[in-house]
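Understanding the architecture of this molecule
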Amino acid sequence: LEHEDFMLTLYVNHTRYAKRYIMLIYLLCFKSPLFKIIFLCYNKLKEKSGEEKMSKTVLITGASKGIGAAMAIMYAEKGYNVVMNYNNSAQSAILLQKSLSENGYSVIAYKANVKNRIDVDMMVKETVYRFGSIDILVNNAGISNQGLFTDLSEPEWNDLVGVNLTGVFNCCQA
């Protein structure tokens, strides 16, 4: 394996969970037969991209912080046009976009609430207008509530389902 191609940055709030997350990622990624298939396909794409220099476009939801931001950096460094979606973290998204753009990468930050179909449609139209197509969609946006499931209010439940499920549905269909 080429370690630089498969590095995963994981922010863990509580260090007592770090070993569990690392073990889970290791088991899911490196020990599964599916990973081997993905790795082989990735190598074929990598070889092909060396022959033909095509600029592909990736749309990453929830790209202002954490894993989404790490993916935006990785795809930008690989030469992709990157569309970073954010909703509430405008400052983080704009700082990251500015930093990547100053280093010569093709990156835009776009504010859209993925639970809102109209916002998603506008984001996709803007992306296609600017870059011609969307080659990769990363549905990374997600929210969680701390506490017991039985203590969730209906608006909190609707937000969870709206972002985590309806958001994926909207982005895939747009």
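Look up a bit, the structure's there.
Here goes a summary of the coordinates provided.

Conventions we followed
- Residues numbered from 1 in each chain as written.
- Predicted model: local features only at pLDDT ≥ 70, side-chain atom pairs only at ≥ 80, totals over all residues.
- Heavy atoms only, no water.
- Salt bridge = Lys/Arg side-chain N within 4 Å of Asp/Glu carboxyl O.
- Helix = DSSP H or I, 4+ residues; strand = E, 2+ residues; numbered from the N terminus.
- Expected span 1.5 Å × (residues − 1).
- Buried < 20%, exposed > 50% of the residue type's maximum accessible area, 1.4 Å probe, protein only.
- Arc of directions from axis to C-beta.
- Contact = heavy atoms within 4.5 Å.
- Polar contact = N/O pair within 3.5 Å; in protein donor to acceptor, adjacent residues only side chain to side chain.
- Pairing = 2+ DSSP bridges.
- Axes fitted to C-alpha atoms, helices over the stretch in contact; angles between N-to-C directions.

1. Some words on the pattern of salt bridges
Here the structure, examined in full by the defined rule, presents three salt bridges. Two residues, Glu126 and Arg130, come together in a salt bridge whose shortest N-O distance is 2.9 Å. Taken together, the residues span about one helical turn, with Glu126 and Arg130 both in helix H5 (residues 117–131) at a distance of four residues.

2. Some remarks on H5
Taking 1.5 Å as the rise per residue, H5 with 15 residues should run 21 Å; its terminal C-alpha atoms sit 21 Å apart, in good agreement. Of the positions making up H5, those classed as buried are Val120, Met123, Val124 and Thr127. All buried residues of H5 project into a common sector of 95° when viewed along the axis, lining one side. Exposed residues on H5 whose side chains face more than 90 degrees from its buried face are Ile118, Lys125 and Tyr129. Check the buried side of H5 and you find it contacts strand E1 (57–60), strand E2 (81–86), strand E3 (107–111) and helix H6 (154–173). Where H5 begins, one side-chain oxygen reaches toward the backbone nitrogen of Ile118, 2.9 Å away; that side chain belongs to Asn116. Once H5 finishes, Gly132 follows within two positions and takes phi at roughly 95°, a positive value.

3. Structural notes on the sheet that holds strand E4 (residues 136–138)
Ordered by their spatial adjacency, four strands build an open sheet running E3-E2-E1-E4, and the pairing between neighbours is parallel. Across the chains shown, the open sheet's two edge strands, defined by having one partner strand only, are E3 and E4. Along the sheet, successive strands turn relative to each other by an average axial angle of 15°, direction set aside. Bridging between E1 and E4 involves three bridges; their strand directions are parallel. Directly across from Val58, in E4, lies its bridge partner Ile136. Sheet strands touched by H5: E1, E2 and E3. Its angle to E3, the strand with the most contacts, is close to 160°.

4. Some remarks on the side chain of Ser64
Within the element layout of this structure, Ser64 appears in the loop between E1 and helix H3 (66–77). Residues in contact with Ser64, not counting those within four places in the same chain, are Ala69, Asn85, Tyr86, Ser89, Ser92 and Ala93.

Read these as spatial facts, not as claims about activity.
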